[in-house]
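Fold and geometry: a report
Spelled out, the chains give:
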Amino acid sequence: ATRDKIANELPPIDKLKTLFANLGVNNDSRIVLYGDNYNLMAARAYFTLDYLGFGEKAALLDGGLDKWKAEKRTLSAEASEVKPGNFTPNVNPRVVAMRDVVRDISWTAANLDPNNYTLIDARPNDEYSGAKADASLAKLGHIPGAVSIYWMDKNLVSKENPVLKPAPELRQIYETAGAASGKKVVSYCRTGMQASHTYFVAKYLGYDVAMYDGSFSEWVTLEGAPVITGDKAK
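The paragraphs below set out a description of the structure included in this document. (Residues numbered from 1 in each chain as written. Predicted model: local features only at pLDDT ≥ 70, side-chain atom pairs only at ≥ 80, totals over all residues. Heavy atoms only, no water.)

Brief notes about the overall build of the protein
A count of helical and extended segments in the protein gives 9 helices and 6 strands. The C-alpha radius of gyration of the protein comes to 18 Å, within 12% of the 17 Å expected for a compact globule of 234 residues. Overall size of the protein, expressed as C-alpha extent along the three principal axes, is 55 × 40 × 40 Å. By the burial criterion, 46% of the 234 residues in the protein qualify as buried. Residue pairs in contact within the protein that sit at least 24 positions apart in sequence constitute 77% of those at least 6 positions apart. Summed over all atoms, the accessible surface of the protein reaches about 12200 Å², with 51% contributed by carbon and sulfur. (Helix = DSSP H or I, 4+ residues; strand = E, 2+ residues; numbered from the N terminus. Rg over C-alpha atoms; globule rule 2.2 N^0.38 Å. Buried < 20%, exposed > 50% of the residue type's maximum accessible area, 1.4 Å probe, protein only. Contact = heavy atoms within 4.5 Å. Areas by Shrake-Rupley, 256 points an atom, 1.4 Å probe, with all protein chains shown as cover.)

Below you can see the structure in the form of structure tokens.
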């Protein structure tokens, strides 16, 4: 959905309920998500299901459709018959970080010892640093206090083998960036797509995590919102 001209925002709950019910999802369903583009859309679907209270019943197919095709596994062009389910959301608002909360987190991370939060920018490094031009954004760079963990480079083995890196390696990457048990991890990107993959991995590693759905596209529309350029968090 689009909200205040920001793309890829969570749709209203009633629309999400209808969507998943029409896909045949029941309250006792086990949901396996996959897609192409290195499972990016599947990770967004996982974040949405976690917001609706179904994260513990959902999983990603490691490697997604990219790996499935590379292994020459069977594909079908026929649509499956679907019987509407009784999907009933149990919304968990804690997984969504709103802009005012992110503003407080950013100030704390940039000016004080960030003991309670780790703010992660999931975009490519040239977007984080502001080196890549983007006429659609009022400002370039990153939110002050945010550390860079480009989701594709850091979460996946490679483009050719797009499975998650081993958990110990992922944990080291995230701990080096400041994530730790007892700290809230908040991910963001440009519009909340790439950050969904970071959200999934942080959840997979057992961190308490939320995502800033409006992300950088919303942040730069806020009057007086600070932005940092360069490779450093602050």
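That covers the picture; the talk isn't over yet.
Focus: the packing of aromatic side chains
With the rule as written, the count across this model stands at 6 aromatic pairs. Between Phe20 and Phe87, the ring centres sit 5.4 Å apart and the planes meet at 40 degrees, which makes this aromatic pair tilted. Placement of Phe20 in helix α1 (residues 13-22) and of Phe87 in the loop between α3 (64-70) and α4 (99-111) is noted, with a sequence separation of 67 residues between them. Taken individually, Phe20 and Phe87 each receive the classification buried, so the pair is uniform in this respect. Arranged with centres 5.1 Å apart and planes meeting at 80 degrees, the rings of Phe47 and Tyr199 form a pair that is edge-to-face. Of this pair, Phe47 sits in helix α2 (residues 40-51) while Tyr199 sits in helix α8 (residues 194-204), and the two are 152 residues apart along the sequence. With a relative accessible area of 0%, Phe47 lands in the buried category. (Phe/Tyr/Trp six-rings, centres within 6.5 Å; stacked < 30°, edge-to-face > 60°.)

Quick notes on the pairing of strand β3 (residues 117-121)
Across the 5 residues that make up β3, a large majority, 4, are buried. Where β3 and strand β4 (residues 147-148) come together, 2 bridges link them in parallel fashion. Bridged to Asp121 within β4 is Ser148. (Pairing = 2+ DSSP bridges.)

Topic: the layout of surface pockets
In this structure, the largest pocket occupies an estimated 380 Å³ of space. Broken down by secondary-structure element, the contributors of at least two residues to the lining of the largest pocket are α1, β1 (31-33) and α2. Residue contributions to the lining of the largest pocket peak at 4 residues, all from α2. Taken together, the residues of the lining of the largest pocket break down into 14 nonpolar, 2 polar and 2 charged. (1 Å grid on protein atoms, 1.4 Å probe; cavity = no way out; pocket = protein on both sides within 12 Å on 5 of 7 lines; lining within 4 Å. Points joined across faces, edges and corners; volume = space filled by probe spheres on them. Nonpolar A, V, L, I, M, F, W, Y, C, P; charged D, E, K, R; others polar.)

Overview of the pairing of strand β6 (residues 208-211)
Residues in a regular strand point their side chains to alternate faces of the sheet. Where strand β5 (residues 184-188) and β6 come together, 4 bridges link them in parallel fashion. From the neighbouring strand, Val185 faces β6, where its bridge partner is Val209. Each parallel crossover has a hand, and for β5 linked through α8 to β6 it is right-handed. (Right-handed = clockwise from strand over helix to strand, strands pointing away.)

Notes on the environment of Thr108
Among the secondary structure elements, Thr108 is positioned in helix α4. A relative accessible area of 28% means that Thr108 is categorised as partly exposed. Counting along the chain gives 11 residues from Thr108 to Leu119, while the straight-line C-alpha distance between them is 10 Å.

Overview of the packing of helix α7 (residues 167-176) against α8
In the contact formed by α7 and α8, the axes pass within 10 Å of each other and the chain directions differ by 110 degrees. By the criterion of interaxial angle, the relationship of α7 to α8 is roughly perpendicular. Considering only the axes of α7 and α8, their crossing is left-handed. Touching Ala167, Leu170 and Tyr174 of α7 are Thr198, Val201, Ala202 and Tyr204, all from α8. Split by residue class, the contact of α7 with α8 holds 6 nonpolar, 1 polar and no charged. (Axes fitted to C-alpha atoms, helices over the stretch in contact; angles between N-to-C directions. Parallel < 35°, antiparallel > 145°, perpendicular 65-115°, else oblique. Left-handed = near helix turned anticlockwise from the far one by under 90°.)

Section: the nonpolar core
Formed by 45 residues in total, the largest nonpolar core has its most connected members in Leu49, Phe87, Trp151 and Tyr174. Of all the elements in the fold, those that place two or more residues in this core are α1, β1, α2, β2 (58-60), α6 (151-155), α7, α8 and β6. The biggest single contributor to this core is α2, with 7 residues. With sequence-adjacent residues up to four places away left out, Trp151 is seen in contact with Asn37, Tyr38, Leu40, Ala122, Leu156, Gln194, His197 and Thr198. (Core = buried A, V, L, I, M, F, W, Y, C linked by side-chain atoms within 4.5 Å.)

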